[in-house]
Amino acid sequence: MRKFLLPTHLLFAFIAVACLCLSVSDLSYFNLIIYVPLMIILLLDVILTLYDLVTRRQHVLENNLYNGLHIGFYFYITLVYIRLFFDYGMLYINGNLAMRFVFVDYQLIFFLIGAIALVIYHICSEFNESIPTTKKRKRNHKANKIK
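(A) Highlighting the overall build of the chain. Looking only at helices and strands, one finds 7 helices and 0 strands in the chain. Going from N to C terminus, the chain has its helices and strands arranged as α-α-α-α-α-α-α. A buried classification covers 35% of the 147 residues belonging to the chain. Total accessible area on the chain stands at roughly 9500 Å², and carbon and sulfur atoms take up 70% of it.

Take a look at the structure:
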């Protein structure tokens, strides 16, 4: 199961970021104060993930919680866009594009909060493995005393 989490994470990340990037032509419907930082933070998250892939940081890439949070977050973005484009009531009864994008505009603040939390968790998981815990320090200190 673990080896399928990272590809699923990358697939949903691609779909969600593509949905947000493709809606850039409709910026007049979005609150730019939220949309622009959201896109910057999502691109930062994608760059950090690609950095982990290139440097082969297995302790980050094989972390179930890390991949699960990303899959859930990107799946949420994908579901919002699925509802935007395929909801029967939004698509056929009220075909006004402004009304359809107002629905996504309300979700942008939740996307931004989630993206900030994911990037903070990603950065903390990067440093978590590089900083030895107190138990490791005690073991290393005892081993150095014996030598």
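(B) How the structure looks around the side chain of S125. Its place among the elements puts S125 in helix α6 (residues 97–130). Judged by its relative accessible area of 9%, S125 is buried. A distance of 2.8 Å separates a polar atom in the side chain of S125 from the backbone oxygen of H122.

(C) The arrangement of the side chain of D52 in detail. Note that D52 resides in helix α2 (residues 32–55). Accessibility expressed as a relative area gives 0% for D52, which makes it buried. At a separation of 2.6 Å, a polar atom in the side chain of D52 contacts the side chain of H122.

(D) Molecular detail of the nonpolar core. One finds L20, L38, Y74, I77, Y81 and L108 to be the most contacted residues of the largest nonpolar core, which totals 31 residues. Those elements that place two or more of their residues in this core are α1 (2–22), α2, α4 (64–86) and α6. The dominant element in this core, judged by the number of residues it contributes, is α6, at 9 residues. The residues touching Y74, leaving out its near neighbours within four places in the chain, are H9, F12, A13, A16, V17, L42 and D45.

(E) Representation of the environment of L38 in the model. Structurally, the position occupied by L38 is in helix α2. Residue L38 is classed as buried on the basis of its relative accessible area of 0%. As a C-alpha pair, L38 and L20 span 18 residues in sequence and 9.4 Å in three-dimensional space.

(F) Molecular detail of the confidence of the model for the chain. In the predicted model, the chain carries a mean pLDDT of 75, and the fraction of residues at 70 or more is 71%. The secondary-structure element of the chain with the lowest mean pLDDT is helix α5 (residues 88–93), recorded at 53, while α2 shows the highest, at 85.

(G) Seen up close, a nonpolar patch on the surface. A surface patch of nonpolar side chains, amounting to about 380 Å² of accessible area, comprises Y76, I109, F110 and I113. With 3 residues, the single largest contributor to the nonpolar patch is α6. You can see I113 is positioned in helix α6.

(H) Up close: α2. Taking 1.5 Å of rise per residue, the 24 residues of α2 would be expected to cover 34 Å, and the 34 Å separating its terminal C-alpha atoms lies within 8% of that figure. Buried within α2 are the following residues: I34, Y35, L38, M39, I41, L42, D45, L48, T49 and D52. R56 lies just past α2 and shows a positive phi near 55 degrees.

(I) The state of the cysteines, seen in detail. Summed over the entire model, instances satisfying the criterion amount to 0 disulfides. Looking at C21, it has no disulfide partner, and the nearest cysteine sulfur is the one in C19, 9.6 Å off.

Rules used throughout
- Residues numbered from 1 in each chain as written.
- Predicted model: local features only at pLDDT ≥ 70, side-chain atom pairs only at ≥ 80, totals over all residues.
- Heavy atoms only, no water.
- Helix = DSSP H or I, 4+ residues; strand = E, 2+ residues; numbered from the N terminus.
- Buried < 20%, exposed > 50% of the residue type's maximum accessible area, 1.4 Å probe, protein only.
- Areas by Shrake-Rupley, 256 points an atom, 1.4 Å probe, with all protein chains shown as cover.
- Polar contact = N/O pair within 3.5 Å; in protein donor to acceptor, adjacent residues only side chain to side chain.
- Core = buried A, V, L, I, M, F, W, Y, C linked by side-chain atoms within 4.5 Å.
- Contact = heavy atoms within 4.5 Å.
- pLDDT = per-residue confidence, 0-100.
- Patch = residues over 30% accessible without salt bridge, like charges linked within 9 Å, V, L, I, M, F, W, Y side chains within 5 Å.
- Salt bridge = Lys/Arg side-chain N within 4 Å of Asp/Glu carboxyl O.
- Expected span 1.5 Å × (residues − 1).
- Disulfide = S-S within 2.5 Å.

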